[in-house]
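Here's the letter readout for the chains.
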Amino acid sequence: MGPLNAVVERYMPSAFLFAVVLTVVVAVTSLLVTDATPVDALTGWGQGLSGLLAFTMQMVLILLLGYMLAHTGPVHGLLVRLGALPRSAGQAYVFVVVVTAVASLITWGLGLVVGAVIAKEVARQGKARGLRLHFPLLVACGYSGWVVWHMGYSGSGPLAAATEGSFVHEMTGQVVPMSETTFSLWNIIGAVVTVVVVAGAMYLVRPRHGSKIIEVATEAEAEMYQPEDVNTPADRLDASRIPTLLLGLALASYLAVHFTSGGTLTLDIVNWSFMMLILLLVRNAAEMLALIRRSASNVGDVVFQYPLYAGILGIMVSTGLMGWLTERMIAISNEYTFGIIALVAAGFVNIFVPSGGAQFAVQGPIMLDAAQALGVDPAIAIMAVSYGDQWTNMIQPFWALPLLAIAGLKIRDIMGYTTVTCIVSGFAFAGTLLVASFIL
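How each quantity is defined
- Residues numbered from 1 in each chain as written.
- Predicted model: local features only at pLDDT ≥ 70, side-chain atom pairs only at ≥ 80, totals over all residues.
- Heavy atoms only, no water.
- Core = buried A, V, L, I, M, F, W, Y, C linked by side-chain atoms within 4.5 Å.
- Buried < 20%, exposed > 50% of the residue type's maximum accessible area, 1.4 Å probe, protein only.
- Contact = heavy atoms within 4.5 Å.
- Salt bridge = Lys/Arg side-chain N within 4 Å of Asp/Glu carboxyl O.
- Axes fitted to C-alpha atoms, helices over the stretch in contact; angles between N-to-C directions.
- Helix = DSSP H or I, 4+ residues; strand = E, 2+ residues; numbered from the N terminus.
- Parallel < 35°, antiparallel > 145°, perpendicular 65-115°, else oblique.
- Left-handed = near helix turned anticlockwise from the far one by under 90°.
- Nonpolar A, V, L, I, M, F, W, Y, C, P; charged D, E, K, R; others polar.
- Expected span 1.5 Å × (residues − 1).
- pLDDT = per-residue confidence, 0-100.
- Polar contact = N/O pair within 3.5 Å; in protein donor to acceptor, adjacent residues only side chain to side chain.
- Phe/Tyr/Trp six-rings, centres within 6.5 Å; stacked < 30°, edge-to-face > 60°.

**Student:** Where do I start with the nonpolar core in this structure?
**Tutor:** Across soluble globular proteins, you tend to see nonpolar side chains buried next to one another. Within the largest apolar cluster, 133 residues are counted, with the highest numbers of intra-cluster contacts made by W108, L138, V139, Y143, M316, F338 and W399. The contact partners of L138, leaving out residues within four places of it in the chain, are A92, Y93, V96, A119, V122, A123 and L133.

**Student:** What's the story with the pattern of salt bridges in this structure? I'm lost.
**Tutor:** Any two side chains of opposite charge can pair if their charged atoms end up close together. The final tally for this structure, using the stated rule, is two salt bridges. With its nearest N and O atoms 3.3 Å apart, the salt bridge here joins E287 to R283.

**Student:** Quick question: what am I supposed to make of the packing of helix 5 (residues 73–83) against helix 7 (residues 108–128) here?
**Tutor:** The axes of two packed helices give the description: the angle between them and the distance between them. For the pair helix 5 and helix 7, the least separation of the axes is 8 Å and the interaxial angle reads 45°. By the angle between their directions, the pair helix 5 and helix 7 is classed as oblique. The interaxial crossing formed by helix 5 with helix 7 has right-handed handedness. Facing helix 5, whose interface residues are H76, L79, V80, L82 and G83, helix 7 presents V114, V117, I118, E121, V122 and Q125. Of the residues in the contact of helix 5 with helix 7, the class split is seven nonpolar, three polar and one charged.

**Student:** I'm lost on the packing of helix 6 (residues 89–106) against helix 8 (residues 135–144) in this one. Help?
**Tutor:** Relative orientation of the contacting elements helix 6 and helix 8 amounts to 30°, with a least axis distance of 7 Å. Judged by the angle between their axes, helix 6 and helix 8 are roughly parallel. Between helix 6 and helix 8 lies a crossing whose hand is right-handed. On the side of helix 6, the interface is formed by A92, Y93, V96, V97 and T100, while helix 8 contributes L137, L138, C141 and G142. Its residues placed into classes, the contact of helix 6 with helix 8 shows seven nonpolar, two polar and no charged.

**Student:** What should I look at first to understand helix 7 in this one?
**Tutor:** Note on helix geometry: an α-helix contains 3.6 residues per turn, so any two residues three or four positions apart are oriented the same way. The end-to-end C-alpha distance of helix 7 is 30 Å, a good match for the 30 Å that 21 residues give at a rise of 1.5 Å each. Burial analysis of helix 7 places 18 of its 21 residues in the buried class, which makes it a mostly covered element. Downstream of helix 7 by one or two residues, G130 has phi in the positive range, about 90°.

**Student:** How should helix 18 (residues 338–352) be read in this particular structure?
**Tutor:** Taking 1.5 Å per residue as the helical rise, helix 18 with its 15 residues ought to reach 21 Å, and the 22 Å between its terminal C-alpha atoms agrees with that figure. Of all 15 residues in helix 18, 12 are buried, a share of seventy percent or more. Listed in full, the buried residues belonging to helix 18 are F338, G339, I341, A342, L343, A345, A346, G347, V349, N350, I351 and F352.

**Student:** How should the confidence of the model for the chain be read in this particular structure?
**Tutor:** Residues shown with low pLDDT carry predicted positions that ought not to be read at fine detail. Averaged over the chain, the pLDDT score is 84; the fraction of residues at 70 or greater is 90%. Confidence, read as mean pLDDT per element, is least for helix 1 (residues 2–11) in the chain (54) and greatest for helix 11 (residues 185–204) (97).

**Student:** Just to check I follow, could you spell out the environment of N334 for this structure?
**Tutor:** Looking at where N334 falls in the secondary structure, it is placed in the loop between helix 17 (321–330) and helix 18. Along the chain, N334 and L374 lie 40 residues apart, while their C-alpha atoms are 6.6 Å from each other. Only 2.8 Å separates the side chain of N334 from the backbone nitrogen of T337, close enough to count as a polar contact.

**Student:** Which parts of the structure should I look at to understand the packing of aromatic side chains?
**Tutor:** One pair of aromatic rings is described through two measures. These are the centre distance and the angle between the planes. According to the stated counting rule, one finds 10 aromatic pairs in the structure shown. Taken together, a centroid distance of 5.0 Å and an interplanar angle of 65° make the contact between W108 and W399 edge-to-face. Separated by 291 residues along the polypeptide, W108 in helix 7 and W399 in the loop between helix 20 (378–391) and helix 21 (400–407) bring together distant segments of the chain. As far as the burial class goes, W108 and W399 line up, both buried. Centre to centre, the rings of Y143 and W146 are 5.7 Å apart; their planes meet at 20°, and the pair counts as stacked. Take W146: its relative accessible area is 1%, and that puts it in the buried class.

Here it is in C-alpha cells:
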C-alpha cells in the first residue's frame, strides 16, 4: 500500500479541483466524439448547473438527517458502546467496515455519518486501551463500508423503478417491485459477499507491527447536547418534549397511511421516515436545533459542488456524449454479459456524475432499452446501474467530503485504501450480476 498511497498523496487534487478537471475533460471529449459545437457544450453546461436543484435538496436533506440521526442521544450512545467492542487492530478495521455497511443499507446518508463517527470512536477508545490503530485506514474503512448503499433501503434506482408513473414504468409497462431488485435473494447475497470481501481487503492492507501509523489526533468531542438553563416560558417551551413528539407522531401517522394505502418507498419517504425518527428520539426542540446547526457545517461542500456535477451531466446529455459512451459499451454485450458491461458503463459515468438518482434518470432508459432488446430481465439493468454508481464512488472524492469533514482528514489520506476497495468490490459486483443473469 505504500507506493499507492504515496502516488495518491502527491497527485490527488482537492475535490473541488477534481470537479473542475472533470468538467474540462467532459467538454473536450464531447467536442471530439460528437457533432456538438463549443456553444452547444457551453449551453448544456450552463443550463445543467440548475438542472438538479430539486434533487440536490433531497440529497442535502438525506445527508443532514443522517448526521442528525447518528447524533441523537440513543443512536450516538449505541455507536459509542459499539466503539468499545474491537479488541485488536485487525478486528477494528473489519468492524468499522461492517458497521458502516449496515448503516448504509438502511440509508446512505446515515452510512456516511456513521462511518466517520464509528471510525473516530474505535480510534479513540482503541488508543486509550493501547491499540496501534492507523486513523486514516479506519476512516477509509468507514467510507469503504458505504460501497453497498445502493443495494439497500435508500437505493435511488430501485426506488424509482418501484414507483408507479416513473420512466421505468412507462418504458417496461410495469412497476419493478423492490422484491425483484433490492430485496431479491441474489442482491442480498451479493451485498453480504461484497462486505466480506471489502472487510477482508482492509484487514490485509492494515499496517503491520513496526509500520508508521497516524493515530487519532483528538480526544472525545462533546457529542451530546447539553441542556441550557430554563428561565422563561419560551425556554420551557423549547425544553418541552411535547412539540417534537407531536410532530414525530404526525409524521409516523402519515407514513402509516401512505403505506397502508398502497404507497411505495421513494427518496422523499426515506427522508420523512428519518425525520420522524429524529423527532421521536430527541428530547426537545432545543436539542433538535442544536443538531441542525452542527450538521449544517457538513453539507456545505455538497451544496456548492453538486451544481458543478449537474453541469457535467448537462454537457453529457445535451451533446449526446452519455448515449455515445453507453451504446458503445452495450454493443459488445450479450444476454449474459450485459450486466457486467452495464456495470462498467455506469461506473465510468459515475466518475463524472456522482449522483445515483440523476445518473439513473439519464442512463437508466438507455440500459433498459438495451436490456429489452437482448431479452434481459429489467432488474439486471436496474441493479447494474445501481452497482456502478456505488462502485466508483470509492475513487471519486465527492461523497467522501462529509465523512472527511467529520474525521478532520483530506481525501488524499484515504484514497489509496479506497482504491483497493474499488478493485475488490468490482469483482464482487460483476460476479453477482453474472450469476443473476443466468438465474433470471
